[in-house]
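Each chain is listed here by its residues.
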Amino acid sequence: MRNTGLMKTTRRALTATAVAAAIVGGSLLSAGTASASTVLSQACTGTVIGALSDSVAVQGKDLAGVVKAGAQEQEWFLHLNGVDPQKVADTVSKAGAITVGQIPANAASGAIAGDAIATAVATTLKNAGDPYAVGLGIGGDQQKKTLDAITNKVTGNCGLTTYANNYTQPGLPSSQPGTTAPAPGTPAATTVPGISGTGSATAPPRNYGNIPAAVPGVTGAAVPPSALYPSSATLPDQALPQVGVLGGQSTSAGGQADVRNAGNASAIGGEPATGNVQLPMLLAVVALAGVSAALVRTWVLRKLS
């Protein structure tokens, strides 16, 4: 009986130890995964947002097009030099996610230049196996030329901008519990004297007494509206203004205002032009043309005879 109780106690202790070890191991694995997470970009250009120190990777299929274009610059007719752009593109596509850089560890934003992406692609092709089977060409010289062409093409067409979504500027208080930090590109809260609000939302001040105002009039007294715009009486040497009436209150028989032309101008007939062609001139031209035609006809007939 004593041995049975001791065995039960030992089993319980071992079970508790195993459970604790499993929990600790799982927590360590999860912590390691979180600290070494990878952000996958949708292309070799654009913006990537992640946590500080996260790795940035690009899918090989998203790089296959630009890699193929670079290899085509070294391709000969019928692949006589061993360069096969399609094989090179397929190799990069099958490589999966290619790590090209990381988000900065102590900055809100950063950049992954095209040469860094090109270096990662070149390393992937070098480690893919036989260079000839990959499609880089025959001989080390040709393979180097193909890799250089791919590197130049990727460098000129790729580049990423990175943003850290958990970056806190040094010297600023951390966000209070229950609040979230603003996303990159969001304007910070501003405080303007007389205007209250955060961001782009503003509210008008309650008191406008501090706004300067101009005092009307030269001596400090404003001219009354009745003097500026009299209703019946007029100012000295000033006629009562009339709206819509010119030269009196003349109206037509139907009660409408009599609208007339401003003046009595009329068109004046011009003198006949002296350069017109008259009938005698036309007759002379026709006669001259007939005589010329007869002379030409006579000359042609004499030549033929």
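Residues numbered from 1 in each chain as written. Predicted model: local features only at pLDDT ≥ 70, side-chain atom pairs only at ≥ 80, totals over all residues. Heavy atoms only, no water.

### A short note on the nonpolar core
Selection criterion: We define the nonpolar core as a collection of buried residues of types Ala, Val, Leu, Ile, Met, Phe, Trp, Tyr and Cys that are connected through side-chain atoms lying within 4.5 Å of one another. Three labels apply to residues, based on accessible area from a 1.4 Å probe with only protein chains included: buried if under 20% of the type maximum, exposed if over 50%, partly exposed otherwise in between. Each helix is a run of H or I in the DSSP string that is no shorter than four residues. Each strand is a run of E no shorter than two, and both are numbered from the N terminus. Residue contacts follow a heavy-atom distance rule, with two residues in contact if any of their heavy atoms lie within 4.5 Å.
If you look at the biggest cluster of nonpolar residues, it comprises 28 residues, and the most contacted ones within it are Leu63, Val67, Val100, Leu125 and Ile150. Of all the secondary-structure elements, those providing two or more residues to this core are β3 (55-59), α2 (60-72), α3 (85-94), β4 (97-102), α4 (114-126), α6 (140-157) and β6 (159-164). With 5 residues, the top contributor of residues to this core is α4. In contact with Val100, not counting residues within four places along its chain, are Val56, Ala57, Val58, Ile112, Ala116, Ile117, Ala120 and Leu160.

### Considering the state of the cysteines
Chemically, a disulfide is nothing more than a covalent bond linking the sulfur atoms of two cysteines. Rules: Note that a disulfide, as used here, is simply two cysteine sulfur atoms within 2.5 Å.
For the structure shown, the criterion picks out 1 disulfide. Each disulfide pairs two cysteine sulfurs, and for Cys44 the partner residue is Cys158, the sulfurs being separated by 2.4 Å. Disulfide Cys44-Cys158: the torsion about the S-S bond is -70°, which places it as left-handed. One end of the pair, Cys44, is in the loop between β1 (38-41) and β2 (45-50); the other, Cys158, is in the loop between α6 and β6, and 114 residues separate them in sequence.

### Comments concerning the environment of Ile150
By secondary structure assignment, the location of Ile150 is in helix α6. Taking C-alpha positions, Ile150 is 5.6 Å from Val67, a pair spaced 83 residues apart along the chain. Residues within four places of Ile150 in sequence aside, it is in contact with Val67, Gly70, Ala71, Val88, Val121, Leu125 and Leu136.

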